[in-house]
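Now for the letters of each chain:
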Amino acid sequence: MKANTTSSTFRLLQLSTLMITLFLSACGGGSGGADPEFASPSAAGSSGSGSSSTGTGSPGGSSSSGGTGSSSGSGGSSSGSGASSGSTSSGGESVLRLLINYEDIDSNCTSQCRLDYLNSGYKPARFVEVQILDQSSGQVVDTESPLFTDAEGKVAVKLQVGQSVKVRIIASSRVNSDRGSWDFSIFDNQGSATLADYELYSVLSREIDVLTGDVDLDLKLPSGWTGEGYSEPRLSAPFAILDSIIESAEYFARGDNRIDLPSLRVFWSTENRPDQNSIGTSFYSDGNIWILGDENVDTDEFDDHIIVHEWSHFLLDALSRDDSMGGDHGFDDLLDARVAYSEGLATALACLVLRDEIYRDISGPTQNGGFDFNCEQSGGFVEPSGWFSESAVIRLIYDVFDDVADESDRDDLYLSITQMQEILFQKIVAQSQGSAATIFSFLAASLEVASDLAAEVMDLAIAKNIGTELNSLDVLATNESNGAQGYKNSEGNETQYSLPLYTELEVNAQPIKLCQDTVHGRPNKISNRRLLFFRIESSGTYKLTVSANILSEDTREQDPDFLIYSASNLVFAAESWVSNKEETEIGLDPGSFWMEVYDFRMLDSDEIGVSCQSISLESI
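A brief structural summary. Everything numeric in this text was worked out from a predicted model, so none of it was measured.

**Topic: the state of the cysteines**
Across all of its chains, the model carries three disulfides by this definition. Counting only the cysteines that form disulfides, in the order they appear in the chain, gives the pairing 1-2, 3-4, 5-6.

Rendered as structure tokens:
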């Protein structure tokens, strides 16, 4: 559901100088809802003269559905005149043509990661919502259809000669074209991680007087950076975030299959800090993205890779599968297979969408710090390699879809965006409901879509130590032999319980034994949670029991828990506080299921531990 907003003063109050440029001939006329491929102003009208006033005002509220609000303001004026084309606007009408650009700050990690303020530039505010407000009444001027800029940041509207108006630029984009649809909006959450009815970002101009003829205005939204800090309002930030998200949607819309996305709300604020009293980090959750904006600590509005990474989680949640439990993760961590796949895929997609293999995250005082990561090559750093490695997943998926051959990585493979659509949105979704989404799901789908390139796909996987010595792969990682042997923690210990990735649980069979450990951290690391799969042949009631199997060297009480899934749908959660045993009776229909088992107390402890359980499934 989209957040509603009330009529109230927005935080983005200031608009840079409205620059009036007059042309001998001009494009004008009404512009409706722009879509990426087909919207453009139609030729009409004539040039003349115009005047406007600019400055700050008190913008009213605007809802995410394009609602109205009141506004007022006054300030210094700007005016200009130009040659007439020999005619005047007929019927007392004039065409107001707007060109809207936002300031974008590139990041650079050549010597040290930083935002490169000295080389900033302006980009079109593409496909964003625009409202024209009557100066006298404060009401939104009626147009034939909602106004959105086109791919060049342009929009035009017919007005009455002599009318005084203001322009509201809204950080919202709604597109419905032959290739797909989306509905993205940026809200000011004021540093809170709690969902609420926050204000939709917009920028309001001062008064524009349409005196005679047609008027062309160039509206620029600056970053607010003045050389030593953000001492002016950070007007461009919401539009930079929105444009990165639009770029992501456009990338996937280039495939042959139509892409229809659900509504997405993005929450950004200058008060979004990386601490427990604010949002903590940039992240995606349940149809919402939260983006950091804390100056001199961590700002992400110009970190395009971060924005696209989080948007990719939204994409997978909406159209594919993402079974990760989230949590902290790093390029050198040994992760749960679901986390490694989810985070690795999102980072690889960021590099692919932006056509920039160097993933960057800027932070620190004056945004002069951070890190980068090469999605294509390791650059000499020693990183984990295998299905549990985010780094390995990034480079594998990037190599499958990038169009640059890399001999050192055995990368002469290139799958198209259409094939990417088929892999992510069709094949993985249609796979067995008795398995989670991991890199093995991706590889099995890739082998199916690009069967003529199976050898090349397997070569790439083997190069990342996934499926070593295997001729093919399935979603259950059958016969996978890389269990992270040789990777030791700071105390010299290795995990002993990472394989098999899935264990079959048979109905009315003898209990099976599974163990977990926290050798490489918790709560989303390798071997923290064990995966099982089972098949139900007939509808009925079944009893599932997980009992602690106390090891002689570890007599601590356990809190065993388990979760049952069908595909990505949670069927049942057994998470009581009962010690040493978790048991439930549940009605199940025929189908395939998977489950995860873990010891909550071990995952909640600061000590390295091992827990084992006996697990059984009975029909009753």
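**Some points on the sheet that holds strand β32 (residues 530–536)**
Read from one edge of the open sheet, five strands run β30-β32-β37-β34-β35, paired in mixed fashion. Each of the sheet's edge strands pairs with one partner strand only, and the pair in question is β30 (502–504) and β35 (569–574). In this sheet, neighbouring strand axes are inclined to one another by 25 degrees on average, regardless of whether the strands run parallel or antiparallel. As paired strands, strand β34 (residues 560–566) and β35 are joined by five bridges and run antiparallel to one another. Among the inter-strand pairings, Ile 564 is bridged to a residue of β35, identified as Phe 572.

**Observations regarding the packing of helix α4 (residues 390–401) against helix α6 (residues 439–449)**
Their axes nearest at 11 Å, the elements α4 and α6 cross at an angle of 20 degrees. Looking at the two axes, α4 sits roughly parallel to α6. Of the two elements, α4 crosses α6, and the hand of that crossing is left-handed. Contact with α4, carried on its side by Val 393, Leu 396, Ile 397, Val 400 and Phe 401, involves Ile 439, Phe 442 and Leu 443 of α6 and no other residues of that element. Each residue belonging to the contact of α4 with α6 can be placed in one class, and the counts come to eight nonpolar, no polar and no charged.

**Brief notes about the pairing of strand β36 (residues 581–588)**
Burial along β36 is one-sided: the face carrying Glu 582, Thr 584, Ile 586 and Leu 588 is buried and the face carrying Lys 581, Glu 583, Glu 585 and Gly 587 is not. Both strand β33 (residues 540–548) and β36 contribute to a ladder of eight bridges, which runs antiparallel. Within β36, the position partnered with Tyr 542 by the bridge is Ile 586.

**Comments concerning helix α7 (residues 454–463)**
If you check which residues of α7 are buried, you get Val 457, Met 458, Leu 460 and Ala 461. Axial view of α7: buried residues confined to an arc of 160 degrees, hence all on one face. In this structure, the buried residues of α7 make contact with α4 and α6. Downstream of α7 by one or two residues, Asn 465 has phi in the positive range, about 60 degrees.

What counts and how
- Numbering of residues starts from 1 in each chain and follows the order in which that chain's sequence is written.
- Local features in this predicted model are restricted to residues of pLDDT 70 or higher, and side-chain atom pairs are both shown and tallied only at a pLDDT of 80 or more, whereas totals for entire chains, interfaces and linings draw on every residue.
- The basis for every side-chain value is the complete set of non-hydrogen atoms in the structure, without hydrogens or water.
- Counting rule for disulfides: a pair of cysteine sulfur atoms within 2.5 Å.
- Should DSSP find at least two bridges between two strands, the strands are taken to pair.
- Only DSSP runs of H or I reaching four residues or more are called helices, and only runs of E reaching two or more are called strands; each is numbered from the N terminus.
- Note on geometry: axes are C-alpha line fits, over the in-contact stretch for helices, and angles between N-to-C directions span 0 to 180 degrees.
- Orientation categories follow fixed angle ranges, with anything under 35 degrees roughly parallel, anything over 145 roughly antiparallel, 65 to 115 roughly perpendicular, and all other angles oblique.
- The sense of a crossing depends on the near helix, which, turned anticlockwise from the far helix by less than a right angle, makes the crossing left-handed and, turned clockwise, makes it right-handed.
- We call two residues contacting when some pair of their heavy atoms lies within 4.5 Å.
- Gly falls in the polar group here, along with every residue not listed as nonpolar (Ala, Val, Leu, Ile, Met, Phe, Trp, Tyr, Cys, Pro) or charged (Asp, Glu, Lys, Arg).
- Only protein chains enter the calculation, and the probe is 1.4 Å; a residue is then buried if its accessible area is under 20% of its type maximum, exposed if over 50%, and partly exposed in between.
- Of all possible arcs, the one meant is that of the directions from the helix axis to the C-beta atoms.

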